[in-house]
Amino acid sequence: AERRRLAAAALATTATAARKFHDMAATTAQVLPAGPTLRLLQYSPAWGAPSVDPRCTKAQAYLRVCGRSYEVEDASAAAPGWSPLLLPVLRDGARAVEPDGLYAHLREGGIDADAKLSAEERAESAAWTALVEERLGLALLYACWAEEDNYAAVLKPAYAQRLPLPLCLYLPWTMRRRALSQLARRGAMGEGVAYRLGGEALEALNTRLAGRGSFFASGASAVDATAFSYLTAVLRCPLPRDTLRAHLKSLPALCSYVEAFSTTFFGSFEPLIPSPETDPRLRPPPLTGRPTAFPYAFGADEGGGGEASEAAAGGGKSSRTPKQRRFKERSRNAVLGALGGALVYAVATDLVGGEEELDEYAADEQQ
């Protein structure tokens, strides 16, 4: 009898939980927009920004302006087969869309942040978007990748810790080479040129957005997502040489715009980070079995791992047998050989791609 009573109580509890789950699911279905789940592959957040990369931040901001639900997948945990040089990537059902076609694909599916704009406003929006991406984006590219101190102290470790092995060993260097090539092609390798273009863009944006919550009276649109993504990158990235950030902080109306957009669409506005030295999130994460500084500082020894620490603990003698030491040495050599092969392949591939890219650019100039 006691067993039957417990079984009946368990059945009643299960039925009650099922009804609650059904009610909750029905409520959720009413709140979330209909359609297949969108997944956004991106670089993970940094410094209080939605992503370390402004292009990934823009994709998130665009979807939030549209009120579309989505899921985020960080590049460090992504399945093999993705190119970290082509982020963000949108997975819509079984289809994967790369950056060049991402927004056109969303508009074709009825996810249009400019749906409320008139034809004239759309033309104006395109002009402001070009100003942000071509001028402010170019200045940000110079500040992050051409300034040696900024690259070494902030950008290189920030991207490296968001990539799996062995990509974290060479991809930031590859990204820097591409950024410098782009700056050279556009005649912006000089500090004065890049920061002049960026300063002009900031002043124009400040004039437009002073006292406004968005570019247009109808509310936030695609150009707001673009402006926020680059402005928040300038404002939040704690670069040692922060010429661009100092200029932006001298424009309170523009800073207020960034804060208001972040609060409205991302739910909060975290305090700004003053420098890499005071922010533990910028420091490389510890990797199991390796010194804390690996792979950013080879040869660092924090915590004393390996045979040296074992020998010290054992009074100068290793506890491993000769066979174990030979096995460890061969394993280490195999891993180093695999990493070396991957590095050589990546460098060779990038050199070929870079030459083709420069040849195409030269051909375009001749035409």
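A. Inspection of the sheet that holds strand E2 (residues 71-74) at higher detail. Across the sheet, which stays open at both edges, the four strands sit in the order E2-E1-E3-E4 with mixed pairing between neighbours. Because the sheet does not close on itself, it has two edges, and the strands there are E2 and strand E4 (95-97). Across the sheet, the mean angle separating the axes of adjacent strands is 25 degrees when strand polarity is ignored. Looking at chain direction, strand E1 (residues 38-42) and E2 are connected through four bridges and run parallel. Counterpart to Leu-41 in the pairing with E2 is Glu-73. Each of E1 and E2 touches helix H2 (residues 54-65); the most contacted strand, E1, lies at about 160 degrees to it. Sitting on the sheet, helix H3 (residues 99-108) touches E1, strand E3 (89-92) and E4, and the angle it makes with E4 is about 115 degrees.

B. Region of interest: the side chain of Ser-214. Structurally, the position occupied by Ser-214 is in the loop between helix H7 (191-209) and helix H8 (222-236). On the basis of relative accessibility, which here comes to 10%, the residue Ser-214 falls in the buried class. There is a polar contact of 2.7 Å between the side chain of Ser-214 and the backbone oxygen of Phe-216. With residues up to four places along the chain from it excluded, the contact list for Ser-214 reads Leu-209, Gly-219, Ala-220, Asp-224 and Tyr-257.

C. Geometry of the confidence of the model for the protein. Of all residues in the protein, 65% attain a pLDDT of 70 or more, and the chain-wide mean is 75. Long-range and interchain partners of residues 281-318, a stretch whose pLDDT sits below 50, account for 47 contacts in this model, where long-range means more than four residues apart. Contacts from residues 351-355, a stretch scored under 50 in pLDDT, to residues over four places away or in other chains number one contact.

D. Representation of the environment of Arg-208 within the structure. As for its placement among the helices and strands, Arg-208 is situated in helix H7. Dropping the residues within four chain positions of it, Arg-208 is found in contact with Glu-124, Trp-128, Phe-215 and Phe-216. In this structure the side chain of Arg-208 is engaged in a polar contact, spanning 2.7 Å, whose partner is the side chain of Glu-124.

E. The pattern of salt bridges, seen in detail. Going through the model one piece at a time under the given rule, you end up with eleven salt bridges. With a shortest N-O distance of 2.4 Å, Glu-71 and Arg-39 are connected by a salt bridge. Taken as a pair, Glu-71 in strand E2 and Arg-39 in strand E1 lie far apart in primary sequence, 32 residues in all. Looking at Glu-71, the relative accessible area reads 37%, which means it is partly exposed. Taking the relative accessible area as the measure of exposure, Arg-39 reaches 29% and is therefore partly exposed. The structure contains a network of salt bridges with shared partners spanning Arg-39, Glu-71 and Glu-73.

F. Region of interest: H2. In a regular helix each residue adds 1.5 Å, so twelve residues correspond to 16 Å; H2 covers 16 Å between its end C-alpha atoms and thus fits that length. Burial runs high along H2: ten of the twelve residues are buried. When we look at burial in H2, the residues that qualify are Pro-54, Cys-56, Thr-57, Lys-58, Ala-59, Gln-60, Ala-61, Tyr-62, Leu-63 and Val-65. Contact partners of the buried residues in H2: E1, E2, H3, helix H4 (119-146), H8 and helix H10 (252-266). By the N-cap criterion, in which a side-chain oxygen at the helix start approaches the backbone nitrogen of a residue two or three places on, H2 is capped by Asp-53, the distance to Arg-55 being 2.8 Å. Gly-67 sits one or two positions beyond H2 and adopts a positive phi of about 75 degrees.

Criteria and cut-off values
- Residues numbered from 1 in each chain as written.
- Predicted model: local features only at pLDDT ≥ 70, side-chain atom pairs only at ≥ 80, totals over all residues.
- Heavy atoms only, no water.
- Pairing = 2+ DSSP bridges.
- Helix = DSSP H or I, 4+ residues; strand = E, 2+ residues; numbered from the N terminus.
- Axes fitted to C-alpha atoms, helices over the stretch in contact; angles between N-to-C directions.
- Contact = heavy atoms within 4.5 Å.
- Buried < 20%, exposed > 50% of the residue type's maximum accessible area, 1.4 Å probe, protein only.
- Polar contact = N/O pair within 3.5 Å; in protein donor to acceptor, adjacent residues only side chain to side chain.
- pLDDT = per-residue confidence, 0-100.
- Salt bridge = Lys/Arg side-chain N within 4 Å of Asp/Glu carboxyl O.
- Expected span 1.5 Å × (residues − 1).

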